[in-house]
Amino acid sequence: MLYVVLGELMPDYSVVRGWVKVSLLALSVIFLSFAAARPRTGSKLRSVETIGREVALVVDVSNSMLAEDVEPSRMERTRYALSRLVEGMKEDRVGIVAFADEAEVVLPVTSDYKMAQAKIRHLSPELIARQGTNIGEALRVALLSFSSNTQAAHSRVVMLITDGETHDEGALEAAAQAAAEGVMICVVGIGTPEGEPLKINGQHIEDEEGKMVITKLNEPLLQQIAEATGGIYVRSRNDNFGLQSIIERLDSIEASRLEIREFEEYEEQYQWPLGIALVLLVAEMLLLSRRNPLLRNVRMFEREESK
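This report concerns the structure included in the present document.

## Quick look at the overall build of the protein
Turning to step 1, where the next piece is worked out: A count of helical and extended segments in the protein gives 9 helices and 12 strands.
Turning to step 2, where the next piece is worked out: Buried residues in the protein amount to 41% of all 307 residues.
Turning to step 3, where the next piece is worked out: Partitioning the contacts of the protein with sequence separation of at least 6, the portion at a separation of at least 24 is 81%.
Turning to step 4, where the next piece is worked out: Surface exposure of the protein reaches about 18200 Å², of which carbon and sulfur atoms provide 54%.

Here it is in structure tokens:
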């Protein structure tokens, strides 16, 4: 009865065409969903040779790095400078060793710069329980952190950032070991030889005798460590951390073949459902919900009335 009334009021309206338009629109949405899911087929392997250097960042995280003779503090300046260093890396691999009285590999040597940035942001004295400044142990741990495929190449560098406040003879022994293994040590001395009262959370630290603890930069020791391996020593200041000198020294080191990385590449197939969806949308727009007036009297599917 409803169709009869609609037929009399709207003789050109086609119920079938309306359903066809809805179906075309629904199908186009389905195929668009398939395209958005990015279907892929097959895979292939592509080898990429990485040429660069391996750099182990050996960072002092002892309490003395909280001193504020370098603004805003030794630790803050170190984190900022290392972030800048990693930002400029392209093909080099980087690892991080944090140390105080003990040393710990925070990040194995890797080309994942985002992970390196994240680890740098979390460098703090809280990483190492036992306090002190054991440079010798830190250098030995750093030498073990390099990958084996660079052992024969002189493309391994240790970048040591510390105030050097230690009298450990093991530091020079570790530097000699590094030189024997062809590893260069570049040193950034952070602090001042005059020293600065040590503050933690805004409170001055006192020793057992009630005297204020003064933390000083041990510059002669750090210079000897760098010279023993053919590296350079720079002192960090408020106006210049010394990063540019280190970068220039790193650039002078010959790069070597580090590794071969395999990438899986899939063939994208989203263009097929996307194309079908577009065709269906165009067909839906071109299809009118009314009959063509020229074909109004055509009744292909109606039976002839019996005479």
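Now that the structure has been shown, we can carry on.
## Considering the nonpolar core
One broad trend across soluble globular proteins is that nonpolar side chains are buried collectively.
Turning to step 1, where the next piece is worked out: Judged by nonpolar contacts, the single largest core of 36 residues is most densely connected at Leu57, Val59, Leu82, Leu85, Leu123, Met159 and Ile161.
Turning to step 2, where the next piece is worked out: Elements supplying a minimum of two residues to this core: strand 2 (54–60), helix 3 (74–87), strand 3 (93–99), strand 4 (103–110), helix 4 (113–121), strand 5 (156–162), strand 6 (184–190) and helix 8 (243–251).
Turning to step 3, where the next piece is worked out: In terms of residue count, helix 3 provides more of this core than any other element does, 5 residues in total.
Turning to step 4, where the next piece is worked out: Residues in contact with Leu57, not counting those within four places in the same chain, are Leu82, Leu85, Val86, Val94, Gly95, Ile96, Val97, Ile120 and Met159.
Turning to step 5, where the next piece is worked out: Counting 26 residues, the second-largest nonpolar core is a separate cluster that includes Phe99, Val141, Ile185 and Ala226.

## Details of the pattern of salt bridges
Turning to step 1, where the next piece is worked out: Tallied over the full model, the rule gives 8 salt bridges.
Turning to step 2, where the next piece is worked out: Among the ionic pairs, Arg130 bridges to Glu102, the shortest N-O distance being 3.5 Å. Here the residue Arg130 occupies a position in the loop between helix 4 and helix 5 (135–145), and Glu102 occupies one in the loop between strand 3 and strand 4, the gap between them amounting to 28 residues.
Turning to step 3, where the next piece is worked out: You can call Glu102 partly exposed: its relative accessible area is 36%.
Turning to step 4, where the next piece is worked out: In the salt-bridge network here, residues are joined through shared partners; they are Asp101, Glu102 and Arg130.

## Details of the packing of aromatic side chains
Turning to step 1, where the next piece is worked out: One pass over the full model with this rule turns up 1 aromatic pair.
Turning to step 2, where the next piece is worked out: Aromatic side chains Phe31 and Phe34 sit 6.2 Å apart centroid to centroid with 85 degrees between the ring planes, which places their arrangement in the edge-to-face category. Remark: Phe34 and Phe31 occur in helix 2 (residues 15–36); sequence separation between them is 3 residues, near one turn of the helix.
Turning to step 3, where the next piece is worked out: The partly exposed category is assigned to Phe31, whose relative accessible area is 23%.

## As for helix 6 (residues 170–180)
Turning to step 1, where the next piece is worked out: When helix 6 is considered as a whole, its buried residues turn out to be Gly170, Ala171, Ala174, Ala175 and Ala178. The buried residues of helix 6 occupy one face: seen down the axis, they fall within an arc of 145 degrees. Along helix 6, the residues that are exposed and aim more than 90 degrees away from the buried face are Glu173 and Ala180.
Turning to step 2, where the next piece is worked out: The secondary structure elements touched by the buried residues of helix 6 are helix 5, strand 6 and helix 7 (219–228).
Turning to step 3, where the next piece is worked out: Positioned one or two residues after helix 6, Gly182 has a phi angle of 75 degrees, which is positive.

## Digging into the side chain of Asp60
Turning to step 1, where the next piece is worked out: Following the sequence through the fold, Asp60 ends up in strand 2.
Turning to step 2, where the next piece is worked out: One buried charged residue, Asp60, remains without a salt bridge, the closest side chain of opposite sign being Arg74 at 6.9 Å.
Turning to step 3, where the next piece is worked out: Here the side chain of Asp60 touches Thr162 through a polar contact of 2.8 Å, side chain to side chain.
Turning to step 4, where the next piece is worked out: Other than its neighbours up to four places away in sequence, Asp60 contacts Met65, Met75, Phe99, Thr133, Ile161, Thr162 and Asp163.

Conventions and cut-offs
Residues numbered from 1 in each chain as written. Predicted model: local features only at pLDDT ≥ 70, side-chain atom pairs only at ≥ 80, totals over all residues. Heavy atoms only, no water. Helix = DSSP H or I, 4+ residues; strand = E, 2+ residues; numbered from the N terminus. Buried < 20%, exposed > 50% of the residue type's maximum accessible area, 1.4 Å probe, protein only. Contact = heavy atoms within 4.5 Å. Areas by Shrake-Rupley, 256 points an atom, 1.4 Å probe, with all protein chains shown as cover. Core = buried A, V, L, I, M, F, W, Y, C linked by side-chain atoms within 4.5 Å. Salt bridge = Lys/Arg side-chain N within 4 Å of Asp/Glu carboxyl O. Phe/Tyr/Trp six-rings, centres within 6.5 Å; stacked < 30°, edge-to-face > 60°. Arc of directions from axis to C-beta. Lys, Arg positive; Asp, Glu negative; His and termini not counted. Polar contact = N/O pair within 3.5 Å; in protein donor to acceptor, adjacent residues only side chain to side chain.

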